[in-house]
Amino acid sequence: MTKLYSVFVALMLAMSMNTGGSFAAEKVRALIPVRNIDESLAPFPVAKYLGYYAQEGLDVELLAVGGSNEVAIQIAARNGDVGEASPAQAVIGMQQNASAPLDLRYFYNAGYRNIWSISVPADSPVKSIGDLRGKKIGVTALGSAGTTYGKAYIRSGGLNPDTDVTFVPIGAGPQAVAAIQQKIVDAIVFWDAANVRFELSGLNLRPLKIDAKLEALPDVSILARNDVIRDKPKMLIGFARAVSKALDFTLANPAAAVLITWKMYPESRPKEKDPEKALAQGLKISQLRMAGWTNPETHGKNGLFIEDDWKNLGDFLLREKQIAQSVPTSRMFTNALIDEINNYDRAAVVRQAKEFDLKSVQP
């Protein structure tokens, strides 16, 4: 069935070239919340490389924009069609009493666990969050999701995040590494892939224990404007179905997904010259994020939103005074497209992943 469908798509594309483009693929701008797309976001480039977007009649441009807040703002401003963003940022803008409410809604749940943690250097005398009184906490920017989660972690340790600690913007990459090495900050709140990269650069970090409810909060997921969800469901279903296929492919063959990502984005490859060691590093980043891509409560439906988890997210934002009033879960997300998104031959995708020739994407 999958092979026949692929042949059909190829014929349609060929016809479009011979008939003045009447069957031209629909262009889609997808915003990704990082400065550089890497292994932790493998399903997006994998879907493009393997032609999954094209099979849905879409010509997708992946645009790295640097942060979830920026993704939400740009999608709301119609500078993109779909985007992946942390709900901690987007839901804040969904409040009805906001000065300019963001008319957005999530339609595919891509992250089932919180990717943020609070860490200290391995040799730090700090053993628990309560030991951070009077300390400086490094985050990428004061308006980042890291600050939101960091304040929650500090509060869960019995401290006041506004008076007992100081949050310091240290950027990302080498700038952040220098801030940690030079002890400009005593702890950091960063996402999973960034922490792995810190370790690969020589930093030895130790995560501090956080509350289990905070660990289980949903994270980066795919959203669009409400009018697009209403008027262009076919496009959104096609986009998310392609990502869902790529997710299945990545879970079945993580090494192929890592190598495909590096082929499309060479700058994401580790500086390690030994190919096997480099791949091991890439897999460490990828597999850490993969752990949160699925949840047994969805019963195999990729992207399905779990009501209780998102209610907990709303309660968390209200408790942390990130929102002034409750945001109903129906305002945050919709499961209306999930059945159609999952309507494909999953076994065929897994088979394709298992049979994929790694040599075809090796440098």
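None of the values given here were measured: they were computed from a predicted structure.

Caption draft 1: Spotlight on empty space enclosed by the protein. Within this structure, the stated rule accounts for 2 cavities of 30 Å³ or more. Of the volumes computed, that of the largest cavity is approximately 100 Å³. Residue lining of the largest cavity: S40, L41, P43, F44, E84, Y108, A110, V220, V243, L247, R289 and W293, and that is the complete set. Mapped onto the lining of the largest cavity, the elements with two or more residues apiece are α2 (43-49) and α11 (233-252). A breakdown of the residues in the lining of the largest cavity according to their chemical character gives 9 nonpolar, 1 polar and 2 charged. Counted as a void, the second largest cavity has a volume near 40 Å³. Looking at the lining of the second largest cavity residue by residue, the classes come out as 5 nonpolar, 2 polar and 3 charged.

Caption draft 2: Just the sheet that holds strand β7 (residues 166-169), in detail. Read from one edge to the other, the open sheet built from 5 strands follows the order β7-β6-β8-β5-β9, with strand pairing classed as mixed. A strand with exactly one partner marks an edge of an open sheet, and here the two such strands are β7 and β9 (205-207). Across this sheet, the average inter-strand angle for adjacent strands is 35 degrees, counted without regard to direction. The sheet contact formed by strand β6 (residues 136-139) and β7 spans 4 bridges and is parallel. Following the sheet pairing, K136 is matched in β7 by T166.

Caption draft 3: Broad picture of the pattern of salt bridges. Scanning the entire structure with this criterion turns up 19 salt bridges. For the salt bridge of D227 with R78, the shortest nitrogen-to-oxygen distance reads 3.0 Å. With D227 in helix α10 (residues 226-231) and R78 in the loop between α4 (68-76) and β3 (82-85), this residue pair connects regions lying 149 residues apart in the sequence. In this structure, R225 engages D227 in a salt bridge whose closest nitrogen and oxygen atoms are separated by 3.4 Å. Accessibility expressed as a relative area gives 9% for R225, which makes it buried.

Cut-offs used in this document
- Residues numbered from 1 in each chain as written.
- Predicted model: local features only at pLDDT ≥ 70, side-chain atom pairs only at ≥ 80, totals over all residues.
- Heavy atoms only, no water.
- 1 Å grid on protein atoms, 1.4 Å probe; cavity = no way out; pocket = protein on both sides within 12 Å on 5 of 7 lines; lining within 4 Å.
- Points joined across faces, edges and corners; volume = space filled by probe spheres on them.
- Helix = DSSP H or I, 4+ residues; strand = E, 2+ residues; numbered from the N terminus.
- Nonpolar A, V, L, I, M, F, W, Y, C, P; charged D, E, K, R; others polar.
- Pairing = 2+ DSSP bridges.
- Axes fitted to C-alpha atoms, helices over the stretch in contact; angles between N-to-C directions.
- Salt bridge = Lys/Arg side-chain N within 4 Å of Asp/Glu carboxyl O.
- Buried < 20%, exposed > 50% of the residue type's maximum accessible area, 1.4 Å probe, protein only.

Note that all results are geometric; they support no functional claim without further evidence.
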